[in-house]
Amino acid sequence: MSNNTTWNDESARAALRRIFDAAVKSADPAAAVRRHLPEKPRGRCVVVGAGKGAAVMAAAVDAAWPDVDVSGVVVTRYGHAVPAGRIEVLQAAHPVPDEASVQASTRILQAVQGLGPDDLVVALISGGGSSLLTLPGPGMTLADKQALNRILLASGATINEMNVLRRQLSAIKGGRLAQAALPARLCTLIVSDVPGDDPAAIASGPTIADPATREEARAIVARYRMELPAAAQAILATPMTPAAPHPRAEVKIIAAPMMALKAAADEARTLGLTPLILGDALEGEAAQMGTVLAGIGRSTALYGQPLAAPALLLSGGEATVTIGPDGAGKGGRNTESLLAMALALAGQKGVWALAADSDGIDGTEDAAGAIITPDTLARARDRQLDPRAFLRAHDSYSFFAALGDLVMTGPTGTNVNDIRVMLVG
């Protein structure tokens, strides 16, 4: 396509999906693992890992090193498993952990014990690992950890703030897995899904020494008025003994949100669009984010600011959805953001948008996200759907399902957070 393209619903929908798919493809964890494997060990290689991309990443290591004594165990989300050769793949729950999460964590700790200095541990970490790699801290039970996760998910806290608490209330996160691997060499390969790509925040940093303090953790609890389980409160009230950094460790971010956004921008240029990356770490309430992005889209359409059409506005990061006492319907942060965006755009001509989670699952539903068009609200009226009522009920999935505008990809095998794409033609 060229700058002379006349955009309509059909061409805009196709372009949005093509650009989103290019972003996801750029974050292929198997290809990224192959590019960043460390020097082969003289002894054994034990592969461990957790996250939505863990199985795909493990399979890449197994295939790349047929001449190395490779073994190990990784855990991924239910439905995201693929065969990984000599490496065992377990499955557990996300976003709230289950007994399988605890069993997997125990198995992973056992796998790295008893190694020697000639051995190598390759830790494969990706988004979702915080739930999948769950081992309650001293005095805590699985029920306590499940309650903690539900409290965190409904609190409105940012992903980095949530992970501070997860690290300090865990027996495997915050560098404790790295300590268990001594004296073996350690290489951590990370597919980032958090704003800023902080290794300590991704999957709550099982191989990264915790940089936060008890005071920071307690401040987060107070800021969001969280009522934590008694056992969690007891841990946060005690002095902290952080895990020491592993002396023979290297850490590599092998795929990240900004890399994916740049790939999306490259694809946009092939379609005759001028891309602008607004940032890879946009955070805040999903509905408010949708309203703000709608304002930028309207400005672009009406005034050619911050850039002239045909344009593509890109952003990444992780919004939050704060659930009130009345609970919620079906939906995730991407569909909720889009519903608010559609309301704020109010049928603005020439603006289309897609927002989706790069892992293929927005929240707990089976959709990656959705698409809005200039006639989204008109089509909703024709079907007697009240978009504001759906937004209040946090039921955005049901709204877009009724319109046929959900984006369905299935599990993608990667996770570089949310990808938001707005086309102004």
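Residues numbered from 1 in each chain as written. Predicted model: local features only at pLDDT ≥ 70, side-chain atom pairs only at ≥ 80, totals over all residues. Heavy atoms only, no water.

- By the naming in an unreviewed UniProt entry, the protein chain is MOFRL family protein, taken from Lautropia mirabilis ATCC 51599.

## What about the sheet that holds strand β3 (residues 88-92)?
Working step 1: What the six strands build is an open sheet, ordered β3-β2-β1-β4-β5-β6; its pairing is parallel. Every other strand in the sheet has two partners, leaving β3 and β6 (249-255) as the edge strands with one partner each. With direction set aside, neighbouring strand axes in the sheet form an average angle of 15 degrees.
Working step 2: Where helix α2 (residues 29-36) meets the sheet, its contacts fall on β5 (185-191) and β6, and the angle it forms with β6 comes to roughly 140 degrees.
Working step 3: In the packing of helix α3 (residues 54-64) onto the sheet, the strands contacted are β1 (45-50), β2 (70-77), β3, β4 (120-126), β5 and β6, and the crossing angle to β4 comes to about 145 degrees. (Pairing = 2+ DSSP bridges. Helix = DSSP H or I, 4+ residues; strand = E, 2+ residues; numbered from the N terminus. Axes fitted to C-alpha atoms, helices over the stretch in contact; angles between N-to-C directions. Contact = heavy atoms within 4.5 Å.)

## Considering the sheet that holds strand β9 (residues 311-317)
Working step 1: Reading across the sheet, the six strands line up as β7-β9-β14-β11-β12-β13 and stay open at both edges, with mixed pairing between neighbours. The sheet is open, and its two edges are formed by β7 (274-279) and β13 (406-407), each paired on a single side.
Working step 2: Against the sheet, helix α12 (residues 286-303) touches β7, β9, β11 (351-357) and β14 (418-424), its axis set at about 25 degrees to β14.

## Thoughts on the nonpolar core
Working step 1: In terms of nonpolar packing, the biggest core is built from 53 residues, with Ile-19, Val-47 and Leu-423 touching the most fellow members.
Working step 2: Of all the elements, helix α1 (residues 9-26) adds the most residues to this core, at seven residues.
Working step 3: For this core, the domains that each give at least three residues are domain 1 (9-26 + 258-424) and domain 2 (29-256).
Working step 4: In contact with Val-47, other than residues within four places in its own chain, are Ala-58, Val-61, Val-70, Ser-71, Gly-72, Val-73, Val-74, Ile-87, Val-122 and Leu-124.
Working step 5: Formed by 35 residues, the second largest nonpolar core is a distinct cluster that contains Leu-339, Ala-340, Ala-342 and Phe-390. (Core = buried A, V, L, I, M, F, W, Y, C linked by side-chain atoms within 4.5 Å. Buried < 20%, exposed > 50% of the residue type's maximum accessible area, 1.4 Å probe, protein only. Domains from an automatic or database assignment.)

## Observations regarding the environment of Asp-280
Working step 1: Summarising the element assignment, Asp-280 is placed in the loop between β7 and β8 (284-285).
Working step 2: Taking the relative accessible area as the measure of exposure, Asp-280 reaches 16% and is therefore buried.
Working step 3: Sequence separation of Asp-280 and Ala-256 is 24 residues, and the distance between their C-alpha atoms is 9.1 Å.
Working step 4: Those residues in contact with Asp-280, other than ones at most four positions away along the chain, are Asp-197, Pro-257, Met-258, Leu-261, Gly-316 and Gly-317.

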